[in-house]
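# Structural overview for review
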Amino acid sequence: MVGMLRDYIDCRDLLPRFSAGSCSKRFYVRYYRDVLAMVFAIRELNQATDLLPNITLGFQIFDSCISMDRAIKGTLALLSGNQQSFPGYRCATRPQMAGIIGETFAFLTVQMARIMGVLHYPQILHYLKNVHFKTRIGEEIYFDEYGDAPASYDILNVQISEDGIFHLVKVGKFDPRAPDSKAITVNASTIQWGDGSSQVPRSVCSESCPPGYRKAAREGEPACCFDCIPCSQGEVSNDTDTVKCLKCPDDQWSNERRDHCIKKKIEFLSYEEPLGMTLIASAAVLALLAAYVMFLFINYRDSPIVKANNRGLSYLLLISLMASFLCAFMMVGRPRRLTCMLQQTVFGVIFSLNVSIVLAKTLIVVMAFKATHPNSRAKRWLGSKTPKCVISLCCLIQVLICVVWLLRSPPFPELNTMSYNEKIVLQCNEGDTIFFYCMLGYMGLLATVSFIVAFFSRNLPGSFNEAKLITFSMLVFVSVWISFIPAYLSTQGKYMVAVEVFAILCSSAGLLSCMFFPKCYIILLRPEENTKKHLVGKSHFNNINKE
């Protein structure tokens, strides 16, 4: 501790005066250095005539030896002006002290401040509020209104030389008086770290996790050791060192970097994409082909091959097949409420009509051959009412199924966010799927019955046996729809629609080709075979031409 004396000078006072007795046998150079620095500073102040004109500072130094008792005793000695303290009395004849500079250690200075505060003694800076000057080396010195001097600090780096000697190397400076951007200056290239390297050591054993990743602690290792794991699909993290990734909303999905959510793309089987264009083009070509066959049959309506097995049913079947091909136009495109309601129901009724017509034609073929036997009762069923009744009855059941379906649980458009992660599927929800499978099951039942009847009548006599064509066409039809069910159930989104459209086109094309292409071949390329004699053969079944 140092007591500062004002307006008094004595040559003896320019040397350190220590309290009686020594602290220990060991001499601390560091503390002695501080004493010499204080003596030097006071000498500089006294020699500078422009700093404290007409004022001379003296000093008295006591060593507390880092002891609370000696610090308190030294404080009282400074206040009494004598080595022996007398609280409340000033025994020395020399001038009164201007102030006391406290200990290096804070816990000792606090006790000193409590004693000096009672006697109203000021840290000497109280008298230096208006001082503002530059030192010989250009350093600016001034004090604020509280008598505090803004301090600037050198940033030192402890470096060890090759011979093991410690050196304090200045690597930067902190100056609160400088602008904010220059308050701290550090020359990083001169810093030497503990391992002797100039590279900044890592404070953790793992690098920071960037956005799109989350931290996962390593079992049995410190908290600063972790792994960076990418966020799962549909989750994002947009900060570094995120512990948990955030899940995107249902209508959004994570981008490739997993650092933010993006809107999901809405998908449906559209006319613009290649798959939709291919299916629509195929449907249009097949519909035109059915229309051409219709034109051909109308043009050759009086020929035996057209008149055989009820040409009226052939016209109706061709019209129904054209409608089947055109069903694809309802299934491709953006699903809407009306189209969703009509897609499956119209398809089910039209295909039931197709199979009913084929079944009626099969029955007519069987009854035509049965009617040739004497006393056969099949002749009474060869009229035009029989196919009409068969077709009407078979279609009516399918119509009833579809009507109940539409009344109880009609199909509707929905946004499917579950089938795909990165996109939303706009599709038709079938409503109650029981009705959907009832519609398909009934259609399959009609096709199976027609196939069985045609199969057992395939060996009927005649050079042109239509039962064989019906058998093959129903075989193709049933095979397509049996394959359709597992394919339909194993796909999702727009590909479910594509599979159904493909099944519609294939089964309808199978009926068209099996039932009518052989007849078109005879009409166009083998007109000599388009005779009643050739068609009937040796049996001469006259009833085959009845309408």
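Criteria and cut-off values
- Residues numbered from 1 in each chain as written.
- Predicted model: local features only at pLDDT ≥ 70, side-chain atom pairs only at ≥ 80, totals over all residues.
- Heavy atoms only, no water.
- Axes fitted to C-alpha atoms, helices over the stretch in contact; angles between N-to-C directions.
- Helix = DSSP H or I, 4+ residues; strand = E, 2+ residues; numbered from the N terminus.
- Parallel < 35°, antiparallel > 145°, perpendicular 65-115°, else oblique.
- Left-handed = near helix turned anticlockwise from the far one by under 90°.
- Contact = heavy atoms within 4.5 Å.
- Nonpolar A, V, L, I, M, F, W, Y, C, P; charged D, E, K, R; others polar.
- Buried < 20%, exposed > 50% of the residue type's maximum accessible area, 1.4 Å probe, protein only.
- Pairing = 2+ DSSP bridges.
- Core = buried A, V, L, I, M, F, W, Y, C linked by side-chain atoms within 4.5 Å.
- Expected span 1.5 Å × (residues − 1).
- Patch = residues over 30% accessible without salt bridge, like charges linked within 9 Å, V, L, I, M, F, W, Y side chains within 5 Å.
- Areas by Shrake-Rupley, 256 points an atom, 1.4 Å probe, with all protein chains shown as cover.
- Salt bridge = Lys/Arg side-chain N within 4 Å of Asp/Glu carboxyl O.
- Phe/Tyr/Trp six-rings, centres within 6.5 Å; stacked < 30°, edge-to-face > 60°.
- Lys NZ or Arg CZ within 6 Å of the ring centre and 35° of its normal.

With that out of the way, let us pick up the packing of helix α6 (residues 311-326) against helix α12 (residues 494-525). Taken N-terminus to C-terminus, the directions of α6 and α12 make an angle of 150°; their axes are 10 Å apart at the nearest point. In terms of their interaxial angle, α6 and α12 are classed as roughly antiparallel. Handedness of the crossing formed by α6 with α12: left-handed. Only Ile 504, Leu 505, Ser 508, Ala 509, Leu 511, Leu 512, Met 515, Phe 516 and Lys 519 of α12 make contact with α6, whose side of the interface consists of Ser 314, Leu 317, Leu 318, Leu 321, Ser 324 and Phe 325. In terms of residue class, the contact of α6 with α12 is built from eleven nonpolar, three polar and one charged.

Let us now look at the environment of Trp 193. As for its placement among the helices and strands, Trp 193 is situated in the loop between β8 (184-186) and β9 (213-217). Its relative accessible area of 31% is what places Trp 193 among the partly exposed residues. With 33 residues separating them along the chain, Trp 193 and Ile 160 place their C-alpha atoms 9.6 Å apart. In this view, Trp 193 contacts Ser 198, Gln 199, Val 200 and Pro 201; residues no more than four positions away in its chain are not counted.

Looking now at the sheet that holds strand β6 (residues 153-160). Spatially, three strands are ordered β6-β7-β8 in an open sheet, and the strand pairing comes out antiparallel. Edge positions in the sheet fall to β6 and β8, since each of these pairs with one other strand and no more. Each adjacent strand pair in this sheet contributes to an overall mean axis angle of 35°, direction not counted.

A word on the nonpolar core. Phe 297, Phe 347, Phe 477, Trp 481 and Phe 516 are the most contacted members of the largest nonpolar core, which totals 68 residues. Not counting residues up to four positions away in its chain, the partners in contact with Phe 477 are Phe 351, Val 355, Met 443, Ala 447, Ser 507 and Leu 511.

Attention now moves to helix α4 (residues 274-299). Its 26 residues give α4 an end-to-end C-alpha distance of 37 Å, which sits within 8% of 38 Å, the value for a rise of 1.5 Å per residue. If you check which residues of α4 are buried, you get Gly 276, Leu 279, Ile 280, Ala 283, Leu 286, Ala 287, Ala 290, Val 293, Met 294, Leu 296 and Phe 297. Close packing links the buried residues of α4 with α5 (304-307), α6, α7 (328-331) and α12.

Here we come to the sheet that holds strand β17 (residues 423-429). Here we have three strands laid out as an open sheet, ordered β15-β17-β16, and mixed in their pairing. In the strand order of this sheet, the two ends are held by β15 (265-267) and β16 (412-416), each with one partner. If you compare each strand with its neighbour and ignore which way they point, the axes differ by 25° on average. Sheet topology places β16 next to β17; five bridges connect them, and they run antiparallel. For Leu 415, the partnering residue across the bridge sits in β17 and is Leu 426.

For Leu 426, the position within the fold is in strand β17. Through-space distance from the C-alpha of Leu 426 to that of Phe 268 is 5.5 Å; in sequence the pair is 158 residues apart.

At a closest axis distance of 10 Å, the pairing of α4 and α12 adopts a crossing angle of 25°. Taken together, α4 and α12 sit at an angle that is classed as roughly parallel. Note on packing geometry: the crossing formed by α4 with α12 is left-handed. The segment α4 lies against α12, with Leu 275, Leu 279, Ser 282, Ala 283, Leu 286, Leu 289, Ala 290, Tyr 292, Val 293, Leu 296 and Phe 297 engaging Tyr 495, Ala 498, Val 501, Leu 505, Ala 509, Leu 512, Phe 516, Phe 517, Lys 519, Cys 520, Ile 523 and Leu 524.

We now examine a nonpolar patch on the surface. Residues Leu 289, Tyr 292, Phe 295, Tyr 300, Phe 517, Tyr 521, Leu 524 and Leu 525 make up a contiguous nonpolar surface patch of roughly 780 Å² in combined accessible area. Top contributing element to the nonpolar patch by residue count: α12, with four residues. Mapped onto the elements, Leu 525 comes out in helix α12. By relative accessible area, Leu 525 is classed as exposed at 58%.

Attention shifts here to the packing of aromatic side chains. Scanning the entire structure with this criterion turns up twelve aromatic pairs. Where Phe 347 meets Phe 351, the ring centres are 5.0 Å apart and the plane angle is 55°; that geometry is what we call tilted. One end of the pair is Phe 347 and the other is Phe 351, both in helix α8 (residues 337-370) and four residues apart, which spans about a single turn. Consider the rings of Trp 481 and Phe 484, whose centres lie 4.9 Å apart with planes at 75°: the pair is edge-to-face. Within this pair, Trp 481 and its partner Phe 484 are both found in helix α11 (residues 466-489), separated by three residues, close to a single helical turn. Connected via pairs of aromatic rings, a cluster forms that spans Phe 347, Phe 351, Trp 405, Phe 436, Tyr 437, Phe 477, Trp 481, Phe 484 and Tyr 488. Just above the ring of Phe 226 sits the side chain of Lys 215; from NZ or CZ to the centre is 4.5 Å. Lying over the aromatic face of Tyr 420, Lys 423 brings its terminal NZ or CZ to 4.3 Å of the ring centre.

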